[in-house]
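Single-letter residue listing:
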Amino acid sequence: MRVHKREGGMVIIEATIVFPVMFLVIFFMIFMGNAYYQKCKIEAIVTELTLDGAAYCASPLLRDVDKTGKAPTFGKSTDPWRYYRYFTKMGNTQQAIEQELETQVGGVGTGLFSCMKPNRPSAKVQPNNYVVYSTFSIDLDYMVPLPIKLLGEQYFSSFRVETHAESAVTDAPEFIRNVNMVEDYLKQTGVDEKIKEAIDKAKGFFKKK
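Since the structure is predicted, the reported quantities are computational estimates derived from the model, not experimental observations.

Bringing the overall build of the protein chain into the picture now. Within the protein chain one finds five helices and three strands. Its helices and strands taken in sequence order, the protein chain reads α-α-α-β-β-β-α-α from the N to the C terminus. Going through the 209 residues of the protein chain one by one, you find that 22% of them count as buried. Expressed as a percentage of contacts within the protein chain between residues at least 6 apart in sequence, the contacts between residues at least 24 apart total 62%. A total accessible area of about 15500 Å² is found for the protein chain, and carbon and sulfur atoms account for 61% of it.

As structure tokens, this is what we get:
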């Protein structure tokens, strides 16, 4: 009987030590799961806007079509040049994506806990022109607060998250189709034969020299 009482006392002591630690671990896992959920939502936003930015750079007309659901009509007050893609410039896509990114990231909720809203976002949105090909990229870093205070700290702890997404603007299949279209056009008009004749004459000229 005495042995049973001693075992009961040990169980109470062990529970006093283990239960607080176990609850802390469980709550920490819940907090981190909510933070990861916030991270996944923002990564989805960044990925979607990167794809939109790449599509708008490839075809600036697409952005107006997405907004209105129809192709714009061109009049005297319309600036048709903003619907073209330039070799060194990709329109005002960068500013539009920056505004949309700020709006959507600012609208991300807190998840399970009211104090875990992502804050202090810093974004870098830019089209990248590498001459041979082009890309559109978004780099975003932000802070996710945790409802936990470390010993001696006045404010809640938070951790920094960085997100990067990049998408190609140049569409290789479309480029190949355009090349094939030009070749077909040259064959149908007979220009390719004239080009071949001119090349043969040039070769003969250099051979004589």
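Quick look at the nonpolar core now. Ranked by size, the top nonpolar core spans 24 residues in total, and within it V46, I97, L101, F136 and I138 carry the most contacts. Put simply, the parts of the chain that give this core at least two residues each are α1 (2-58), α3 (93-106), β2 (134-145) and β3 (158-168). Take this core: its biggest share by element is nine residues, from α1. In this structure, V46 is in contact with L101, I138, L140, T163 and A165, ignoring residues within four places of it in sequence.

Reading across from one edge, β1-β2-β3 is the order of the three strands in this open sheet, with antiparallel pairing throughout. Two strands in the sheet have a free side with no partner beyond their single neighbour: β1 (119-129) and β3. Between one strand axis and the next, the sheet turns through 10 degrees on average, direction left out of account. Pairing of β2 with β3, which is carried by 11 bridges, proceeds in the antiparallel orientation. Paired with S137 across the bridge in β3 is E166. The strands touched by α3 within the sheet are β1 and β2, with β1 carrying the most contacts at an inclination of about 155 degrees.

The next point concerns a nonpolar patch on the surface. Together, M10, I13, I17, V18, F19, M22, F23, I26, F27, I30 and L112 give the surface a local cluster of nonpolar side chains, amounting to about 1100 Å² of exposed area. Within the element layout of this structure, M22 appears in helix α1. Given a relative accessible area of 37%, M22 falls into the partly exposed group.

Each value, and the rule that gives it
- Residues numbered from 1 in each chain as written.
- Predicted model: local features only at pLDDT ≥ 70, side-chain atom pairs only at ≥ 80, totals over all residues.
- Heavy atoms only, no water.
- Helix = DSSP H or I, 4+ residues; strand = E, 2+ residues; numbered from the N terminus.
- Buried < 20%, exposed > 50% of the residue type's maximum accessible area, 1.4 Å probe, protein only.
- Contact = heavy atoms within 4.5 Å.
- Areas by Shrake-Rupley, 256 points an atom, 1.4 Å probe, with all protein chains shown as cover.
- Core = buried A, V, L, I, M, F, W, Y, C linked by side-chain atoms within 4.5 Å.
- Pairing = 2+ DSSP bridges.
- Axes fitted to C-alpha atoms, helices over the stretch in contact; angles between N-to-C directions.
- Patch = residues over 30% accessible without salt bridge, like charges linked within 9 Å, V, L, I, M, F, W, Y side chains within 5 Å.
- Salt bridge = Lys/Arg side-chain N within 4 Å of Asp/Glu carboxyl O.

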